[in-house]
Amino acid sequence: MTTNKYRSRYCIIRGLIQVMVVAFSCLAAIGCRNLLDNAELPSGVQDARAIKSYEGAIAMYSGMTREFANMYGGTNSGSAESSFLTIASGLLSDELIYVTSGSEAWGGWLGHLDARILSDESDTYISGDGLFPRVNKFRVNSAELRSIIRKYASHIPSEIISTLYVYEALSEIILAEMYCSGIPLSRIDFEDNYTLTHGFSLDEVYKHALILLDSGAGYSQDNAQLESFIRLLKARAYLGQGRINEANATVSEVPTSYRYNLSFNSTDRKFVPVATRRIGDNEGSNGLPYVSSLDPRTRLPALTNPISPMTIGTGIEARLIEAEAYLLEENPEWLLRLNSLRTSCTDAAICPVPSPAGEGDVSGLSLLSDPATGPLLNQTSTDLRSRLNLVFRERAYWLFLTARRQGDLRRLVRNYGYDQSEVYPVGEYRAAAYGSAINIPVPIEEQITNRLYTGCNNRYE
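This is a predicted model, so every value here is computed, not measured.

**Quick look at the state of the cysteines**
Summed over the entire model, instances satisfying the criterion amount to two disulfides. In this model, Cys 180 is linked to Cys 456 through a disulfide, with the two sulfur atoms separated by 2.1 Å. Judged by the sign of its S-S torsion, about -80°, the cystine formed by Cys 180 and Cys 456 is left-handed. One end of the pair, Cys 180, is in the loop between helix 7 (158-178) and strand 2 (183-184); the other, Cys 456, is in the segment after helix 17 (444-449), with 276 residues separating them in the sequence. Note that Cys 345 is cross-linked by a disulfide to Cys 351, the S-S spacing being 2.1 Å. Around the S-S axis, the bridge from Cys 345 to Cys 351 shows a dihedral of about 75° and counts as right-handed. The pair formed by Cys 345 and Cys 351 is uniform in burial state, with each residue classed as buried.

In structure tokens, the structure reads:
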């Protein structure tokens, strides 16, 4: 436990990032009111006593559902852009490029993110990282609300408990994909007890996320929609650990037609790549040609309509995981899996133009051929890499702007032995050059406010 002074400082820095809807903002008040010993709560923040009921818990859950979509899908909204996952993941990878008002000027947090110039020794721009505190706040609040429900609203539908476990687990998966190894998972409960932690390795964070997902599955009440999403998230954690066989086994029951969508409205709109955030095109030579390829998967209406649903869990991803696993098993089914998503054609010579849609429900995608010349059985490392590049290319297009690309590039380095210069953008960047960062350092404020945290333990995995 921290002292009141220490906990107060942490709460001030990591507490309310902005005043949100009342139903959600009251979560922060639970952890902050006693710590700050305020007689009056901030404007727009509900008294914590008002949530200790069934109605209060439902209102809080509704607010968190709205905040989850905003945190993950994030819209263009000025300085707040730094706190949205889709933007951060897209800039650090090759999906998005950073420009300002049409000029070549760059700088600040988002510019350094795009350039991969991210030193953990300076807080001059790292302090602009709004994603870390936002994801952590959501992670902590998910656990808090579960505790409140158990004490004050135990008859609430168990699927809500399950979803809160999913929210917390996904928050940890996001941290593991985006940030350096050495991630603190401090937490606060609704009785105002705050527990600081040291930095955990990536494997430890993924392992804890898997435990949370198992707990969430136990409360899902055979809700098929929720259970499929849990399977996909477990597979995502397994992939981060390099456990492709477990990931493959986990998604086998997810139907290809499955979709888990985030909803947006005219007030809370999702990110669309317009104005100051543009789609990358062969960025830094290693980047994919998202624009010039004219691939229909990067031009779908859902990607340019700020209030259309955002799909963050899909059976397509399950089939892509299977293709990757089959490739490593030297099973020819790997290419069949990729092609079945692209088109219903089985013979390129007689396939009409444009190609009819396959299981992925996007027309105009032709059949793929094996990019390697050697046999699949006992494939050489060169042939394996050519085939892996194709699998990850297909993942990039099918999962475009859903905050997957950064995690995929990182595991190419961490789990498949690629050098960062082979997969991330490299070369000249404006008046400088791309850096070598493949993850983000935990903000310097964490070391100031958390006496147990000493910084990243590995910036190169």
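**As for the packing of helix 7 against helix 9 (residues 224-240)**
Packing of helix 7 against helix 9 leaves a shortest axis separation of 11 Å and a crossing angle of 20°. Between helix 7 and helix 9, the crossing angle belongs to the class labelled roughly parallel. Remark: the crossing between helix 7 and helix 9 carries left-handed chirality. Counted together, Glu 159, Ser 162, Thr 163, Val 166, Leu 170, Ile 173 and Glu 177 of helix 7 and Leu 226, Phe 229, Ile 230, Leu 233, Arg 236 and Ala 237 of helix 9 form the full contact between these two elements. Of the residues assigned to the contact of helix 7 with helix 9, the class counts are eight nonpolar, two polar and three charged.

**Structural notes on the pattern of salt bridges**
Counted according to the given criterion, the structure contains 24 salt bridges. Of the charged contacts in the structure, one is a salt bridge between Arg 66 and Asp 268, with a shortest N-O distance of 2.1 Å. In this pair, Arg 66 sits in helix 3 (residues 54-73) while Asp 268 sits in the loop between strand 6 (259-262) and strand 7 (277-279), placing the two residues 202 residues apart along the sequence. Given the relative accessible area of 32%, Arg 66 is considered partly exposed. When its relative accessible area of 14% is taken as the criterion, Asp 268 is described as buried. Across the salt bridge formed by Glu 422 and Arg 385, the nearest N and O atoms sit 2.9 Å from each other. Of this pair, Glu 422 sits in helix 16 (residues 420-423) while Arg 385 sits in helix 14 (residues 381-398), placing them 37 residues apart in sequence. A relative accessible area of 39% places Glu 422 in the partly exposed class.

**Some remarks on empty space enclosed by the protein**
Here the structure, examined in full by the defined rule, presents four cavities of 30 Å³ or more. Roughly 100 Å³ of volume is contained in the second largest cavity. Along its surface, the second largest cavity is lined by Glu 177, Tyr 206, Arg 236, Leu 239, Gly 240, Glu 317, Arg 395, Arg 404, Gly 407, Asp 408 and Arg 411. Counting residues per element, the ones that place at least two in the lining of the second largest cavity are helix 9 and helix 15 (405-414).

**Digging into the packing of aromatic side chains**
One pass over the full model with this rule turns up eleven aromatic pairs. A ring pair is formed by Phe 68 and Phe 138, whose centres lie 5.7 Å apart and whose planes are at 25°; its orientation type is stacked. Of the two residues, Phe 68 sits in helix 3 while Phe 138 sits in helix 6 (residues 131-152), which places them 70 residues apart along the sequence. Across the pair, exposure class does not vary: Phe 68 and Phe 138 are buried alike. Look at Tyr 429 and Tyr 434: their rings are 4.9 Å apart centre to centre, the planes differ by 70°, and that puts the pair in the edge-to-face class. Given the relative accessible area of 2%, Tyr 429 is considered buried. The lysine or arginine in question, Arg 297, covers the ring of Trp 398, its NZ or CZ lying 4.8 Å from the ring centre.

**A word on the environment of Leu 239**
Along the chain, Leu 239 falls in helix 9. Residues contacting Leu 239, with those up to four places away along its chain left out, are Ile 244, Ala 247, Ile 321, Glu 324, Arg 395, Arg 411 and Asn 415.

**Some details on helix 6**
Spanning 22 residues, helix 6 covers 31 Å between terminal C-alpha atoms, matching the ideal 32 Å at 1.5 Å per step. Most of helix 6 is tucked away: 18 of the 22 residues are buried.

**Examining the nonpolar core**
Residues Phe 68, Tyr 72, Leu 113, Met 178 and Leu 262 are the most contacted members of the largest nonpolar core, which totals 92 residues. Per element, the largest residue contribution to this core is 13 residues, and it comes from helix 7. Excluding residues that lie within four positions of it along the chain, Phe 68 makes contacts with Phe 138, Tyr 167, Leu 170, Leu 262 and Ile 312.

**As for the environment of Pro 441**
By the element assignment, Pro 441 lies in the loop between strand 10 (432-433) and helix 17. In this structure, the C-alpha to C-alpha distance between Pro 441 and Arg 459, residues 18 residues apart in sequence, is 7.6 Å.

**Focus on the confidence of the model for the protein chain**
For the protein chain, mean pLDDT is 85; residues scoring 70 or higher make up 83% of the total. Confidence over residues 1-49 falls short of pLDDT 50; this stretch has 106 contacts with residues more than four positions distant or in other chains.

The rules behind the values
Residues numbered from 1 in each chain as written. Predicted model: local features only at pLDDT ≥ 70, side-chain atom pairs only at ≥ 80, totals over all residues. Heavy atoms only, no water. Disulfide = S-S within 2.5 Å. Helix = DSSP H or I, 4+ residues; strand = E, 2+ residues; numbered from the N terminus. Buried < 20%, exposed > 50% of the residue type's maximum accessible area, 1.4 Å probe, protein only. Axes fitted to C-alpha atoms, helices over the stretch in contact; angles between N-to-C directions. Parallel < 35°, antiparallel > 145°, perpendicular 65-115°, else oblique. Left-handed = near helix turned anticlockwise from the far one by under 90°. Contact = heavy atoms within 4.5 Å. Nonpolar A, V, L, I, M, F, W, Y, C, P; charged D, E, K, R; others polar. Salt bridge = Lys/Arg side-chain N within 4 Å of Asp/Glu carboxyl O. 1 Å grid on protein atoms, 1.4 Å probe; cavity = no way out; pocket = protein on both sides within 12 Å on 5 of 7 lines; lining within 4 Å. Points joined across faces, edges and corners; volume = space filled by probe spheres on them. Phe/Tyr/Trp six-rings, centres within 6.5 Å; stacked < 30°, edge-to-face > 60°. Lys NZ or Arg CZ within 6 Å of the ring centre and 35° of its normal. Expected span 1.5 Å × (residues − 1). Core = buried A, V, L, I, M, F, W, Y, C linked by side-chain atoms within 4.5 Å. pLDDT = per-residue confidence, 0-100.

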